[in-house]
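Structural features, examined
Each chain is listed here by its residues.
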Amino acid sequence: MLIWDNLNTHRAASIRGFIAAHDWITAFYLPPYAPNLNPVEGIWSLLRRSAQNNTALANHDHLICTLRHGLRTIQYRSHLIDGCLTGTAPAITKQPTTSPKRQ
């Protein structure tokens, strides 16, 4: 199972053809704008508030270095990743339990 956002490259003809040619892949696409369903949005939010916060990037290499450092920092703080995953989980409501009726 593959769950993707609606990035245009994820919906390209070559990708659709690859998925169609491999019956073991089932692709599901998130709605066009659904940050509450995509845990990657939580990771980007963490990066914007930490590694990229108040940073003047000198060039492309500086951007890559800054992002890698921020991702490495998040990687070793599993509670942050858990929070991003938990934030995307649908609400689970407890179903009322009924006891079997005696006859």
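Just above, that's the structure.
Okay, so let's go over this structure. Only a predicted model underlies this, so the values are computations on that prediction, with no experimental measurement involved. (Residues numbered from 1 in each chain as written. Predicted model: local features only at pLDDT ≥ 70, side-chain atom pairs only at ≥ 80, totals over all residues. Heavy atoms only, no water.)

**Description of the overall build of the protein chain**
Selection rule: Only DSSP runs of H or I with at least four residues qualify as helices, and only runs of E with at least two residues qualify as strands; both kinds are numbered from the N terminus onward. Contacts are assigned to residue pairs with any non-hydrogen atoms lying within 4.5 Å of each other. Here the accessible surface of atoms and residues is derived via Shrake-Rupley with a 1.4 Å probe, and residues count as covered only by protein chains that are part of the display.
Per the secondary structure count, the protein chain includes four helices and two strands. Ordered by position from the N terminus, the helices and strands of the protein chain form the series β-α-β-α-α-α. Taking contacts inside the protein chain between residues at least 6 apart in sequence as the whole, the part at least 24 apart equals 51%. Carbon and sulfur atoms provide 58% of the accessible area of the protein chain, an area that totals close to 8,600 Å².

**A few points about the packing of aromatic side chains**
The condition that has to hold: Centres within 6.5 Å make a pair out of two Phe, Tyr or Trp rings, where for Trp the six-membered ring is used; the pair is then stacked when the planes are under 30 degrees apart, edge-to-face when over 60, and tilted otherwise. Summary of the burial criterion: residues with accessible area below 20% of their type's maximum are buried, those above 50% are exposed, and those between are partly exposed, where the area comes from a 1.4 Å probe applied to protein chains only. Either the NZ atom of lysine or the CZ atom of arginine qualifies as a charge over a ring when it sits within 6 Å of the ring centre and within 35 degrees of the ring normal.
Summed over all chains, the structure comprises one aromatic pair. Ring geometry for Trp4 versus Tyr29: centroids 6.4 Å apart, planes at 50 degrees, classification tilted. Separated by 25 residues along the polypeptide, Trp4 in strand S1 (residues 2-4) and Tyr29 in strand S2 (residues 27-29) bring together distant segments of the chain. Judged by its relative accessible area of 22%, Trp4 is partly exposed. Positioned above the aromatic ring of Tyr29 is the side chain of Arg11, whose terminal nitrogen or guanidinium carbon lies 3.9 Å from the ring centre.

**What to know about the packing of helix H2 (residues 39-49) against helix H4 (residues 78-88)**
Heads up, the rule is: Here an angle of 0 to 180 degrees is reported between the N-to-C directions of two axes, which are lines fitted to C-alpha atoms, with helices fitted over the stretch in contact. Under this scheme an angle from 65 to 115 degrees is roughly perpendicular, one under 35 degrees roughly parallel, and one over 145 degrees roughly antiparallel; angles in between are oblique. Handedness of a helix crossing follows the sense of rotation of the near helix relative to the far helix, less than a right angle counterclockwise being left-handed and clockwise being right-handed. The classification used treats Ala, Val, Leu, Ile, Met, Phe, Trp, Tyr, Cys and Pro as nonpolar, Asp, Glu, Lys and Arg as charged, and all other residues, Gly among them, as polar.
Packing of H2 against H4 brings their axes to within 8 Å, and their N-to-C directions diverge by 135 degrees. Considering the angle they form, H2 stands oblique to H4. Note on packing geometry: the crossing formed by H2 with H4 is right-handed. Contacts between H2 and H4 involve Pro39, Gly42, Ile43 and Leu46 from the first element and Leu80, Ile81, Cys84, Leu85 and Thr88 from the second. When its residues are assigned to classes, the contact of H2 with H4 shows seven nonpolar, two polar and no charged.

**Re H2**
Threshold: Taken from the helix axis, the directions to the C-beta atoms give the arc we talk about.
Every buried residue of H2 is listed here: Ile43, Leu46 and Leu47. Axial view of H2: buried residues confined to an arc of 100 degrees, hence all on one face. On its buried face, H2 sits against helix H3 (60-75) and H4.

**Focus on H3**
The test is simple: Working rule for helices: expected span equals 1.5 Å times residues minus one. Polar contact criterion, stated in full: a pair of N or O atoms within 3.5 Å, where within protein one must be able to donate a hydrogen and the other to accept it, and residues adjacent in sequence count only if both atoms are side-chain atoms.
The terminal C-alpha atoms of H3, which comprises 16 residues, lie 22 Å apart, in line with the 22 Å expected from a rise of 1.5 Å per residue. Packed against the buried residues of H3 are H2 and H4. For H3, the capping residue at the N-terminal end is Asn59, with a side-chain oxygen 3.1 Å from the backbone nitrogen of Asp61.

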